[in-house]
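Coordinate inspection notes
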Amino acid sequence: MQKQAQQYQNHFLETSVSEATPYKLVALLYENGIKHMKLMRLMIERKQIAAKTEQANRVTSILYGLKAGLDMELGGDVAANLDALYNYIIKQVLTASLNNDLVVLDEALGLLQDLQEAWSLMPESYQRLTAAEIKARQQVK
């Protein structure tokens, strides 16, 4: 039964990603990054080292995915600042994992939650843009 539930969840995620706008993809990354940080926190509390490490790896992969989505040329200072912030959060997650440090992890979690909240404030008209529409707007500029 658990295997079937996992297969359904994987299919749902694949469908969500393939049909998502760039806005939604970033929102999904924030959501899952936060979820896995919270799971990492729980694993630290339970002293489940292997599970904690797995969650830390997932979080860092998500953060590297967010970094990969930055357009450093068009994004200018905003992209550069996000890149630096993502690097800082990655460093904090790795430090928290290495030292089982909940204070450091909570700081990283708070930063990612702040980013998620700021992202959610984007005007709805921009949230609906497809990648092709964004590219077309960038070519006009």
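Residues numbered from 1 in each chain as written. Predicted model: local features only at pLDDT ≥ 70, side-chain atom pairs only at ≥ 80, totals over all residues. Heavy atoms only, no water.

1. Focus: the overall build of the protein chain
- Along the protein chain, the regular secondary structure elements total seven helices and zero strands.
- Listing each helix as α and each strand as β along the protein chain from the N terminus yields α-α-α-α-α-α-α.
- Residue burial in the protein chain is summarised as follows: out of 141 residues, 28% are buried.
- Across the protein chain, contacts joining residues at least 24 apart in sequence account for 64% of those joining residues at least 6 apart.
- Summed over all atoms, the accessible surface of the protein chain reaches about 9300 Å², with 56% contributed by carbon and sulfur. (Helix = DSSP H or I, 4+ residues; strand = E, 2+ residues; numbered from the N terminus. Buried < 20%, exposed > 50% of the residue type's maximum accessible area, 1.4 Å probe, protein only. Contact = heavy atoms within 4.5 Å. Areas by Shrake-Rupley, 256 points an atom, 1.4 Å probe, with all protein chains shown as cover.)

2. Remarks on the packing of aromatic side chains
- As enumerated under the stated definition, the model contains two aromatic pairs in all.
- Centre to centre, the rings of Tyr 23 and Trp 119 are 5.4 Å apart; their planes meet at 10 degrees, and the pair counts as stacked. You can see Tyr 23 sitting in helix H2 (residues 22–45) and its partner Trp 119 sitting in helix H5 (residues 102–120), a full 96 residues away along the chain.
- Overall, the relative accessible area of 13% leaves Tyr 23 in the buried class.
- Arranged with centres 6.4 Å apart and planes meeting at 75 degrees, the rings of Tyr 30 and Trp 119 form a pair that is edge-to-face. Taken together, the residues span a long stretch of sequence, with Tyr 30 in helix H2 and Trp 119 in helix H5 at a distance of 89 residues.
- On the basis of relative accessibility, which here comes to 3%, the residue Tyr 30 falls in the buried class.
- A relative accessible area of 24% places Trp 119 in the partly exposed class. (Phe/Tyr/Trp six-rings, centres within 6.5 Å; stacked < 30°, edge-to-face > 60°.)

3. Section: unusual backbone geometry
- For Lys 47, which is not glycine, the phi torsion reads 60 degrees and is therefore positive.
- Relative to the assigned elements, Lys 47 resides in the loop between H2 and helix H3 (49–68).
- Despite not being glycine, Asn 100 shows a phi value in the positive range, around 50 degrees.
- As for its placement among the helices and strands, Asn 100 is situated in the loop between helix H4 (72–99) and H5.

4. Observations regarding the layout of surface pockets
- Taken as a whole, the largest pocket spans an internal volume of roughly 1200 Å³.
- Taken together, 30 residues line the largest pocket, and the ones lying closest to its centre are Gly 69, Trp 119, Met 122, Ile 134 and Gln 138.
- Looking at the lining of the largest pocket, the elements with two or more residues in it are H2, H3, H4, H5, helix H6 (124–127) and helix H7 (131–140).
- The residue inventory of the lining of the largest pocket, partitioned by class, reads 21 nonpolar, five polar and four charged. (1 Å grid on protein atoms, 1.4 Å probe; cavity = no way out; pocket = protein on both sides within 12 Å on 5 of 7 lines; lining within 4 Å. Points joined across faces, edges and corners; volume = space filled by probe spheres on them. Nonpolar A, V, L, I, M, F, W, Y, C, P; charged D, E, K, R; others polar.)

5. Remarks on the side chain of Thr 60
- Along the chain, Thr 60 turns up in helix H3.
- Given the relative accessible area of 10%, Thr 60 is considered buried.
- Of note is the side chain of Thr 60, whose polar atom sits 3.0 Å from the backbone oxygen of Asn 57.
- Ignoring sequence-local partners within four residues, the contact set of Thr 60 consists of Ile 90, Val 93 and Leu 94. (Polar contact = N/O pair within 3.5 Å; in protein donor to acceptor, adjacent residues only side chain to side chain.)

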